[in-house]
There are 2 protein chains.
Amino acid sequence: MAEMDSTPSSSTVSRTVLLVLRVLTFVFLLISLIIIAVNKGTEDTTVGPLQIKFNDIHAYRYMLSTIVIGFVYNLLQMALSIFTVVSGNRVLSGDVGYLFDFFGDKIISYFLISGSAAGFGVSYDVQSFLKSQELPFNSFFGKAYASASLLLIGFLFTAIASVFTSFTLPKRA
Amino acid sequence: MAEMDSTPSSSTVSRTVLLVLRVLTFVFLLISLIIIAVNKGTEDTTVGPLQIKFNDIHAYRYMLSTIVIGFVYNLLQMALSIFTVVSGNRVLSGDVGYLFDFFGDKIISYFLISGSAAGFGVSYDVQSFLKSQELPFNSFFGKAYASASLLLIGFLFTAIASVFTSFTLPKRA
């Protein structure tokens, strides 16, 4: 095993870890996006079946927006990483690249946690109100919880990436 | 190695800015806490007045918890700052101090945005459902929005503090 504490190899390890974290975020956001976007529920009532869709609940629309924002950001970051490996040059070199990673990871992680929190926050209370009217929509809210949970895991990966990119910042830029 | 090799004046400016940001966060969280904790609403119905309190909605309980967590953290940080000024020594010196500030600001800012997002997310949709039953509770939800907005401003100050503490991190700790 070669020594790992020379500067280029430690930078390569750090970039590899970042890429893995971004691929994981991407996968979790993709599944979260599919689950929430196709989410529909139906309950039979005395006046016929009543349907609910994700865009009937505003907080789920916001959740979907944050997933799309995180998805596009991670797609861009992965494209930049692949370009870097293929061409051997970073597209955003020096301080610009570090600052893009730092602020990108930071802002996107705030978006992701806010989307997940809005989704979790609305689900419990809205379902309670609907339950009181004999409209539990259990499958619909179950899928909404699943989507918010996957989004939360995606957030955790991005938050870890954000810790990495904070430590690679040039000091006092 | 207390202060690395940076110029003392830039470090003092940075610590003063941080203290101001923490005092501002503290003030906004305090007002947000008071507004949500005393929030009650009453609507007259055919069967008599119906009352709603903040702890009837689970997302508001979570919001209150995040406010308390942020409040205690900022109180602790302000106490540490005052002790530093009075005694001339940082309580948490060197890397421990930097890491406490870095992870503290990062984690607390995630809590604050999640509380605010849960509060905003639940308010719109729950009020829509209640409105459809002629129970708008306008004053109650108005105050909940006000509390979530102040919490969001508190988050913004903590997020800015988090950017500061990221740049003062020792590189590759």
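In this text the structure is predicted, and so the values were computed from the model without any measurement.

## Considerations on the environment of V91 of chain A
Residues and elements named next belong to chain A. Residue position: V91 is located in the loop between α2 (58-87) and α3 (94-131). According to the relative accessible area criterion, V91 is partly exposed, its value standing at 46%. Leave out the neighbours within four places in its chain, and V91 touches L80, F83 and T84.

## Structural notes on the interface of chain B and chain A
Each partner contributes to the interface: chain B provides 38 residues, whereas chain A provides 36 residues. Summed over both sides, the interface between chain B and chain A buries roughly 3200 Å², with carbon and sulfur atoms accounting for 68% of that surface. Applying the counting rule to chain B against chain A returns 0 salt bridges. Applying the counting criterion to the chain B and chain A interface returns 8 residue pairs in polar contact (both at pLDDT 80 or more).

## A look at the relation of the copies chain B and chain A
Expressed as a screw operation, the relation of chain B to chain A combines 0.0 Å of axial shift with a rotation of 180°, fitting to an RMSD of 0.0 Å. Taken together, these values place the two copies in the relation of a two-fold axis. A shared interface surface links the copies, since 95% of the contact residues of chain B are contact residues in chain A too.

## Some points on unusual backbone geometry
All names here are of chain A. In the Ramachandran plot, E134 falls in the positive-phi region, its phi being about 60° despite a non-glycine side chain. Looking at the secondary structure, you find E134 in the loop between α3 and α4 (138-167). Residue class for E134 comes out exposed when judged on its relative accessible area of 64%.

## Some points on the packing of α4 of chain A against helix α3 (residues 94-131) of chain B
Two numbers describe how α4 of chain A lies on α3 of chain B: the axes approach to 12 Å, and their chain directions differ by 150°. Considered as vectors, α4 of chain A and α3 of chain B are oriented roughly antiparallel to each other. In this structure, α4 of chain A crosses over α3 of chain B, and the sense of that crossing is right-handed. Contact with α4 of chain A, carried on its side by F155, A159, S162, V163, S166 and F167 of chain A, involves L99, F102, F103, K106 and Y110 of chain B of α3 of chain B and no other residues of that element. Per-class residue counts for the contact of α4 of chain A with α3 of chain B are 8 nonpolar, 2 polar and 1 charged.

## Notes on the UniProt feature "domain: Casparian strip membrane protein" (unreviewed entry) in chain A
What UniProt calls "domain: Casparian strip membrane protein" (unreviewed entry) maps, in this numbering, to residues 14-157 of chain A. Strand forms 8% of residues 14-157 of chain A and helix 78%; the C-alpha atoms that close the span are 14 Å apart.

## Here's the deal with the side chain of K106 of chain B
In this fold, K106 of chain B is placed in helix α3. Buried K106 of chain B, no salt bridge; nearest opposite-charge side chain is D105 of chain A, N-O distance 8.3 Å. When near neighbours in sequence (up to four residues on either side) are disregarded, K106 of chain B contacts K106, A159, S162, V163 and S166 of chain A together with S162 of chain B.

What counts and how
- Residues numbered from 1 in each chain as written.
- Chains lettered and ligands numbered in written order.
- Predicted model: local features only at pLDDT ≥ 70, side-chain atom pairs only at ≥ 80, totals over all residues.
- Heavy atoms only, no water.
- Helix = DSSP H or I, 4+ residues; strand = E, 2+ residues; numbered from the N terminus.
- Buried < 20%, exposed > 50% of the residue type's maximum accessible area, 1.4 Å probe, protein only.
- Contact = heavy atoms within 4.5 Å.
- Buried area = accessible area lost by both parts, 1.4 Å probe.
- Salt bridge = Lys/Arg side-chain N within 4 Å of Asp/Glu carboxyl O.
- Polar contact = N/O pair within 3.5 Å; in protein donor to acceptor, adjacent residues only side chain to side chain.
- Least-squares fit on C-alpha atoms with pLDDT ≥ 70 in both.
- Axes fitted to C-alpha atoms, helices over the stretch in contact; angles between N-to-C directions.
- Parallel < 35°, antiparallel > 145°, perpendicular 65-115°, else oblique.
- Left-handed = near helix turned anticlockwise from the far one by under 90°.
- Nonpolar A, V, L, I, M, F, W, Y, C, P; charged D, E, K, R; others polar.
- UniProt positions renumbered as here; feature names shortened; annotations may be inferred.
- Lys, Arg positive; Asp, Glu negative; His and termini not counted.

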